[in-house]
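Each chain, written out:
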Amino acid sequence: EGYDSLTASSSETHTIIPFRNLLNEQYNGDTSIKVRTSQGILRRNGLFIGAFAPYGYQKAEDNKNHLVPDPYAAGVVQGIFAKKLSGMSASGIAKILNSNGVLAPSEYKAKCGEKYSTSFKGAGQSKWSAQTVSRILKNVVYIGTLAQGKRTTVSHKVKKEIAVPECDWVVVENAHEAIISPSQFDLVQKIMLEDTRSPVGAKGVHPFSGKI
């Protein structure tokens, strides 16, 4: 607006500038509402709007809002589910992946050229952990379901993220190709509800672990 505090009159300083700031703030608020509405429509249509595809998937070349399996990472995910179904613990699976030199998700994304960062990453090169394996085993994205809108910001002025109640998530089934069958996924969820800690030195869990 060509405002210069050195030469501006008191009328401009105390009346015009606050009024213009009010209009600018209203414009920012309207833009924020439009962006949130647009994102909500994309989510309800089963389109992926995240910055980075979940481990095991990649964005389709012809449509950045559609997920397709990443051949290498999808194989790792399938191996993780198979090991869990065989009775292995999450920590045991993580140890095998690390010993086999399989890159952790954050390291794999970086190797693929993505500028990926996460709050779960520690100092140095990331390794597979029980927490990372558990998050993969619980993620419905691998059965073709998109669950989005889990977090949001307070407002366009307050960028602090807050968790959204699960009942308000936008969940769309059959949004993309599944890596894991629903029956396998459901069985793994049932197994994870049981106490299946392995004894020290054992390679697996006892058949009656979590039941007796």
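It should be emphasised that the depicted structure is a prediction, and the values quoted were computed from it without experimental measurement. (Residues numbered from 1 in each chain as written. Predicted model: local features only at pLDDT ≥ 70, side-chain atom pairs only at ≥ 80, totals over all residues. Heavy atoms only, no water.)

Chemist: Even after reading the chapter, I still don't get the pairing of strand β2 (residues 63–69), so can you show me in this structure?
Modeler: Residues in a regular strand project their side chains so that they alternate between the two faces of the sheet. Pairing geometry for strand β1 (residues 57–60) and β2, over 4 bridges, is antiparallel. Pairing of Y57 across the sheet is with P69, part of β2. Count of turn residues in the β1/β2 antiparallel hairpin: 2 residues. (Pairing = 2+ DSSP bridges. Helix = DSSP H or I, 4+ residues; strand = E, 2+ residues; numbered from the N terminus.)

Chemist: Would you take a moment to explain the packing of aromatic side chains for this structure?
Modeler: Here the distance between the centres and the angle between the planes together describe a pair of aromatic rings. According to the stated counting rule, one finds 6 aromatic pairs in the structure shown. Each ring, one from Y55 and one from Y108, has its centre 5.9 Å from the other, and the planes form 85°; the classification is edge-to-face. Here Y108 lies in helix α4 (residues 105–111) and Y55 lies in the loop between α1 (10–44) and β1, a separation of 53 residues in the sequence. With respect to burial, Y55 and Y108 carry one shared label: buried. Consider the rings of Y55 and W128, whose centres lie 5.7 Å apart with planes at 75°: the pair is edge-to-face. Of the two residues, Y55 is situated in the loop between α1 and β1 and W128 in the loop between α4 and α5 (130–138); the sequence distance between them amounts to 73 residues. (Phe/Tyr/Trp six-rings, centres within 6.5 Å; stacked < 30°, edge-to-face > 60°. Buried < 20%, exposed > 50% of the residue type's maximum accessible area, 1.4 Å probe, protein only.)

Chemist: Please clarify how α5 should be interpreted in this entry.
Modeler: Helical geometry: 3.6 residues make up each α-helical turn, so side chains three or four residues apart lie on a common side. Among the residues of α5, T132, V133, S134, I136 and L137 are the ones counted as buried. For α5, the secondary structure elements touched by its buried residues are α2 (71–85), α3 (90–99), α4 and α6 (182–193). (Contact = heavy atoms within 4.5 Å.)

Function cannot be inferred from these measures alone, as they are strictly geometric.
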